[in-house]
Amino acid sequence: MVQRRKGRMAELPFAALARSRKPGRASRRTDARPAIPPDEQPDLFVAPMPGIRPVLSYLDIAVIGLGRVDVRQWHAGEGADGYLYHVTTQADLETIQARGTIVFSPRAPLVLTERPGVTLWLANMMEVMETDDMAGHTADMPVVFRVKRFVIDELLEHDPDRTRRHGVSFFLLTGLTRQE
């Protein structure tokens, strides 16, 4: 029960209300101390967090040895070699070369295949494309480029769906390093 003094309520033991400040004023306190002493918590920016895998989002085309493949010289019967291949359009390849990097992510990986898969990929791409649309548009023409496999091997994941569908190994360049 609250005691009354001469018609008023007695002071209650609450903290004083904070006064409102005008916006934009800086604090005048200069003796601000860190809330946690540095000995109790390690610096989170020095070492990588355990359990978190590093993620790449792009690769320099000079480092991975990106090179355009002449499809007219392509031999379908040859086996896998030290490269992985990607089929795209002329416009996309020009964008990659102008940027100087290949951009990818776990949500939008770059699909790559071994040499025997290129012929199947090109045939599938040609079925989808209409020949009337390609007439006179060199930007829509399919092109093939290759990258050195040993440079990106740790960043690859197997693509079981495409591999099963085409009977040739397909890979996804996601940017996640493999944990073996």
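Residues numbered from 1 in each chain as written. Predicted model: local features only at pLDDT ≥ 70, side-chain atom pairs only at ≥ 80, totals over all residues. Heavy atoms only, no water.

Draft legend 1. View of the overall build of the protein. Helices and strands together make up the secondary structure of the protein, namely five helices and ten strands. Looking at the protein as a whole, 29% of its 180 residues qualify as buried. By sequence separation, contacts in the protein at least 24 residues apart represent 77% of the contacts at least 6 residues apart. Of the roughly 14,000 Å² that the protein leaves accessible, carbon and sulfur atoms contribute 53%. (Helix = DSSP H or I, 4+ residues; strand = E, 2+ residues; numbered from the N terminus. Buried < 20%, exposed > 50% of the residue type's maximum accessible area, 1.4 Å probe, protein only. Contact = heavy atoms within 4.5 Å. Areas by Shrake-Rupley, 256 points an atom, 1.4 Å probe, with all protein chains shown as cover.)

Draft legend 2. View of a nonpolar patch on the surface. A grouping of Val63, Phe150 and Val151 is seen on the molecular surface, where their side chains present a nonpolar patch of about 300 Å² in accessible area. Tracing the sequence through the fold places Val63 in the loop between strand E3 (58-60) and strand E4 (67-69). (Patch = residues over 30% accessible without salt bridge, like charges linked within 9 Å, V, L, I, M, F, W, Y side chains within 5 Å. Salt bridge = Lys/Arg side-chain N within 4 Å of Asp/Glu carboxyl O.)

Draft legend 3. A look at the nonpolar core. With 19 residues, the main nonpolar core has Leu66, Ile102, Leu112, Val147, Ile152 and Leu173 as its most contacted residues. Elements with a contribution of two residues or more to this core: helix H1 (90-99), strand E7 (110-113), strand E8 (142-148) and strand E10 (170-173). Ranked by the residues each element gives to this core, the list is headed by E8, at three residues. Sequence-distant contacts of Leu173, that is, excluding residues within four places in its chain, are made with Leu59, Phe104, Ser105, Pro109, Leu110, Leu112, Ile152, Leu155 and Leu156. One finds Val69, Val87, Val111 and Leu172 within the second-largest nonpolar core, a separate group that totals 14 residues. (Core = buried A, V, L, I, M, F, W, Y, C linked by side-chain atoms within 4.5 Å.)

Draft legend 4. Inspection of the environment of Val55 at higher detail. Structurally, Val55 can be placed in the loop between strand E2 (8-9) and E3. In the structure, Val55 is positioned 100 residues away from Leu155 in sequence and 9.1 Å away in space, judged by C-alpha atoms. Those residues in contact with Val55 that sit more than four places away from it in its chain are Pro106, Gly175 and Leu176.

Draft legend 5. Summary view of the side chain of Thr88. Position of Thr88 relative to the elements: it lies in strand E5 (residues 83-89). For Thr88, the side chain forms a polar contact with the side chain of Asp92, separated by 3.2 Å. Once residues within four sequence positions are removed from consideration, Thr88 is found in contact with Leu93, Met125, Met141, Pro142, Val143 and Phe145. (Polar contact = N/O pair within 3.5 Å; in protein donor to acceptor, adjacent residues only side chain to side chain.)

Draft legend 6. How the structure looks around H1. Within the sequence span of H1, burial applies to Gln90, Leu93 and Ile96. For H1, the buried positions fall inside an angular range of 125° around the axis, keeping them on one side. In this fold, the buried residues of H1 make contact with E4, E5, strand E6 (101-103) and E8. Of the residues one or two after H1, Gly100 is the one with positive phi, at around 85°. (Arc of directions from axis to C-beta.)

Draft legend 7. Local environment of the pairing of E5. The element E5 is largely enclosed, with a buried count of six among its seven residues. For E5 and E8, the ladder comprises seven bridges, and the chain directions are antiparallel. Bridging across to E8, Val87 finds its partner in Val144. (Pairing = 2+ DSSP bridges.)

Draft legend 8. Region of the structure containing the pairing of E7. Taking every second residue as pointing to the same face, both faces of E7 are buried, with Leu110 and Leu112 on one and Val111 and Thr113 on the other. Where E7 lies against E10, four bridges are found, and the strand directions are antiparallel. Paired with Leu112 across the bridge in E10 is Phe171.

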